[in-house]
Structure formats: structure tokens, C-alpha cells
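# Examining the three-dimensional arrangement
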Amino acid sequence: MKKLLLIGGGGHCHSVIDSILMLNSYEKIGIIDDKDCSFLGISTIGTDYDVSRLFQEGWTDAFITVGSIGNTDLRHRLYHMIVDLGLAIPNIVDPTATIAKDVKIQQGTYVGKKAVINAGSKIGECAVINTGAIIEHDCMVGPFAHISPGATLCGQVHVGENAHVGAGVVVKQLVKIGDHSLIGAGSVVVKDIPKNIVAYGNPCRLVEQ
Ligand code: JB3
């Protein structure tokens, strides 16, 4: 059986651990953090400097468990560290999530409890589809994007890479959200949002460039 390293031991890691424990597909799980973050019987077994050695000692898989709210630099850095070392990078999909048969999800993505991803949708690598998010049919979610708890993307929405869609946001069908943009919690997005901006409200408006 495989052994999994979780990179980052904070709040996001707690959500991912609960999903992994229900999946029961790893012989061993360890947390990588510079402080003791042991949780639900999963121990902290080293720092980023130990990952290469742990790989050589038989730890096969790694998954990024630091979250991101608007800035994905840390997730990028840690993800490229495990890619470069050659660890296998799974997707972690909570068993309560519902995913249509033809959905394509790139590696390193977390899908949380009761999230729904409907037919024809595509999810990029190292994305987070958090608790209860709804990704309706034929959506595209870019790499490293975070769709927060309870957010809804109606059909054919496009979310760019590194974008953050806050908790409870509703995005109207066919709307595009640009790369690196952040949509504040509770917003209702009815028009395209350019890249590299912060926007919020109902209707959602630009607040920062
Ligand atoms: O919004 C939701 C539902 N979840 C948020 C999530 C997406 O993002 C959550 O509420 C948090 O705001 C945030 O969770 P995250 O990233 O787990 O944040 P925090 O609880 O602050 O924990 C970050 C952990 O990453 C800490 O234990 C840090 O020590 C660790 N960390 C920071 N830098 C690192 C590094 N760990 C490693 N291995 N390497 C690093 O460079």
C-alpha cells in the first residue's frame, strides 16, 4: 500500500485528513510542517528539508495541504518541490462529494465534503473545490484556483488559474473570472471579471487592481 506525505499541517490539512481517513487508501500518512501539527492520530514527521529523504525511504505520494486565499505562491512553491522530487501526486476526493462520470480533474486537487462537479467540467491541477461548492455542467476551473465553501458556479463558467472564488459566491452561467482574481465572499457575479483584480458585492464590482 502507498504512503502519503501531507505538506502543511494547518486548518486546510485538517479537512483533507478527515477525507483521507474515510478513503482508507494509504498504509501510512505523515504531516510535513516546521512545527508539531499532529492531528487525528496523524503525526508530524519532518519539515520540507526531509521530504527528499522520506521519498527515498519509501514514502510514495505527497499532497499539498496548505490552503490559499488570494495568494497561491506557497502552494506553487511546495507543489513544484514535490513534482521535482518525483513523488506521485494524487487527487483527494471526499467520499461524500458527487462527481459526474466524464469530469476531468488534474493531479493534486482536493474536492471536499458534499461538493458537486457536474457533467463536462474540467478542473486544473492543485485546485481546491472546497466543502459544498457546486461546479455546474461544462465549467472550467484553472490550476491552483480555489472555489471556497458553498460557492456556486452555474453552467459553463470559466475560472482562471490562481483565482479565488470566496465562500458563498454565485457566478452566473457563461461568466469568466480572470487569472489571479479574487471574488469576495457572498458576491453575485453576473459579468466577466478581468484578471488580477479584487472584486465583491451584488452585483460584483471591482474594488482593487
Ligand atoms: O477557507 C477554508 C475552508 N479554509 C482555509 C484554507 C483554504 O486556507 C483555512 O481557513 C485557512 O485560512 C487556510 O488554511 P491553511 O493554509 O491550512 O492555513 P493555516 O491554518 O494558517 O495553516 C498553514 C500551515 O502551513 C501552518 O501549519 C504552517 O506552519 C504551514 N506552512 C507554512 N509555510 C508550511 C510552510 N508548511 C510547509 N511544509 N512548508 C512551508 O513552507
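These remarks concern the structure in this document. The model shown is predicted, which means the values in this text are computed figures rather than measured ones.

Rules of the game
- Residues numbered from 1 in each chain as written.
- Predicted model: local features only at pLDDT ≥ 70, side-chain atom pairs only at ≥ 80, totals over all residues.
- Heavy atoms only, no water.
- 1 Å grid on protein atoms, 1.4 Å probe; cavity = no way out; pocket = protein on both sides within 12 Å on 5 of 7 lines; lining within 4 Å.
- Points joined across faces, edges and corners; volume = space filled by probe spheres on them.
- Helix = DSSP H or I, 4+ residues; strand = E, 2+ residues; numbered from the N terminus.
- Nonpolar A, V, L, I, M, F, W, Y, C, P; charged D, E, K, R; others polar.
- Pairing = 2+ DSSP bridges.
- Salt bridge = Lys/Arg side-chain N within 4 Å of Asp/Glu carboxyl O.
- Buried < 20%, exposed > 50% of the residue type's maximum accessible area, 1.4 Å probe, protein only.
- Right-handed = clockwise from strand over helix to strand, strands pointing away.

### What to know about the layout of surface pockets
- Quantified by volume, the largest pocket comes out at close to 200 Å³.
- The wall of the largest pocket is formed by Ile7, Gly8, Ile32, Asp33, Asp34, Thr47, Asp48, Tyr49, Val66, Leu74, Arg77 and Leu78.
- The dominant element in the lining of the largest pocket, judged by the number of residues it contributes, is helix α3 (residues 73-85), at 3 residues.
- Residue composition of the lining of the largest pocket, by class: 6 nonpolar, 2 polar and 4 charged.

### Observations regarding the sheet that holds strand β6 (residues 98-99)
- Read across the sheet, 6 strands follow the order β6-β9-β12-β15-β18-β21 without closing on themselves; strand pairing throughout is parallel. Each of the sheet's edge strands pairs with one partner strand only, and the pair in question is β6 and β21 (188-189).
- Here 2 bridges tie strand β12 (residues 134-135) to strand β15 (residues 152-153), and the two strands are oriented parallel to one another. Considered in β15, the bridge of Ile134 is made with Thr152.

### Re the pattern of salt bridges
- For the structure on display, the rule yields 4 salt bridges.
- Where Arg53 meets Asp50, a salt bridge forms, and the shortest distance between an N and an O atom there is 3.3 Å.
- The partner of Lys113 in a salt bridge is Asp94, with the nearest N and O atoms 3.2 Å apart. Residue Lys113 is located in the loop between β8 (110-111) and β9 (116-117), and its partner Asp94 is located in the loop between β5 (92-93) and β6; the two are separated by 19 residues in the primary sequence.
- According to the relative accessible area criterion, Lys113 is partly exposed, its value standing at 29%.
- Under the relative-accessibility criterion, Asp94 is labelled buried at 1%.
- One salt-bridge network, held together by shared partners, links Asp18, Asp94 and Lys113.

### Describing the pairing of strand β2 (residues 26-32)
- The buried fraction of β2 amounts to 5 of the 7 residues, a majority that puts the element mostly inside the structure.
- Each parallel crossover has a hand, and for strand β1 (residues 2-7) linked through helix α1 (residues 11-23) to β2 it is right-handed.
- The sheet contact formed by β2 and strand β3 (residues 43-46) spans 3 bridges and is parallel. Its bridge partner being in β3, Gly30 is matched across the sheet by Ser43.

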